[in-house]
Amino acid sequence: MSALKDKLKADLTASLKARDEVRLRTIRMALAAVNVEEVAGKEARELSDDEVVKVLTKESKKRREAAEAFRGAGRAEQADAELAEMAVLEEYLPAQLTDEELQALVDEAVAETGAAGPQAMGQVMKAVNPKVAGRAEGGRVAAAVRARLSQ
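Throughout what follows, the structure given in this document is the object of discussion. Keep in mind the model is a prediction, meaning the values are calculated, not measured.

1. Re the overall build of the chain
- Along its length, the chain carries seven helices and zero strands.
- Ordered by position in the sequence, the α and β elements of the chain form the string α-α-α-α-α-α-α.
- Seen through its C-alpha atoms, the chain measures out along the principal axes to roughly 55 × 45 × 30 Å.
- Evaluated residue by residue, the chain yields a buried proportion of 36% over its 151 residues.
- Within the chain, residue pairs in contact and separated by at least 24 positions form 58% of the contacts whose partners lie at least 6 positions apart.
- Per element, the accessible surface of the chain, about 8900 Å² overall, is 54% carbon and sulfur.

See below:
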């Protein structure tokens, strides 16, 4: 079993004992998402830590989007609940890259590939995505690459 999944299970027990409803609900949901991913496909398998991080990133993004939708609909209480769950999930994710760090990685990838112009975006994205690895959202990376190539 991956270390991150073990940590989630241990934190589930701790939050149950502490009667922390938000944390308990969020960790249960995260473990359920991990379990669904483990049995998806032709064969059941054990997820690695990197794969668990991808699942948690996806769940965190869902919470952020739901919070935005609730805010737009004037339902602040539900939006706050989604943001609280997102905060719990982000404790298990690697620290996000700052704009400067992301820009440095994009510049490095552009130098490696020798890319020039917007038509080389796919080539640069292919080089930068492994370096980013869950530390920045795809849309943010794409925007940084697009801005760099259009200079």
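2. Observations regarding unusual backbone geometry
- Although it is not a glycine, arginine 19 adopts a positive phi angle of roughly 55 degrees.
- Inspection of the secondary structure puts arginine 19 in the loop between helix H1 (3-18) and helix H2 (21-39).
- Accessibility expressed as a relative area gives 71% for arginine 19, which makes it exposed.

3. Details of helix H6 (residues 121-132)
- Taking 1.5 Å per residue, twelve residues should reach 16 Å; H6 reaches 16 Å between its end C-alpha atoms and fits that length.
- For H6, the complete set of buried residues consists of Met121, Val124, Met125, Ala127, Val128 and Val132.
- Buried residues belonging to H6 abut helix H5 (99-113) and helix H7 (138-149).

4. A word on the pattern of salt bridges
- Counted by the stated rule, this structure contains 17 salt bridges.
- A salt bridge links lysine 5 to glutamate 46, with the nearest nitrogen and oxygen atoms 4.0 Å apart. On the criterion of sequence distance, the pair formed by lysine 5 in helix H1 and glutamate 46 in the loop between H2 and helix H3 (49-72) is long-range, its members being 41 residues apart.
- The class for glutamate 46 is partly exposed, based on a relative accessible area of 44%.
- Between glutamate 137 and arginine 64 there is a salt bridge, and its shortest N-O distance comes to 2.2 Å. One end of the pair, glutamate 137, is in the loop between H6 and H7; the other, arginine 64, is in helix H3, and 73 residues separate them in sequence.
- The class for glutamate 137 is partly exposed, based on a relative accessible area of 34%.

Rules used throughout
- Residues numbered from 1 in each chain as written.
- Predicted model: local features only at pLDDT ≥ 70, side-chain atom pairs only at ≥ 80, totals over all residues.
- Heavy atoms only, no water.
- Helix = DSSP H or I, 4+ residues; strand = E, 2+ residues; numbered from the N terminus.
- Buried < 20%, exposed > 50% of the residue type's maximum accessible area, 1.4 Å probe, protein only.
- Contact = heavy atoms within 4.5 Å.
- Areas by Shrake-Rupley, 256 points an atom, 1.4 Å probe, with all protein chains shown as cover.
- Expected span 1.5 Å × (residues − 1).
- Salt bridge = Lys/Arg side-chain N within 4 Å of Asp/Glu carboxyl O.

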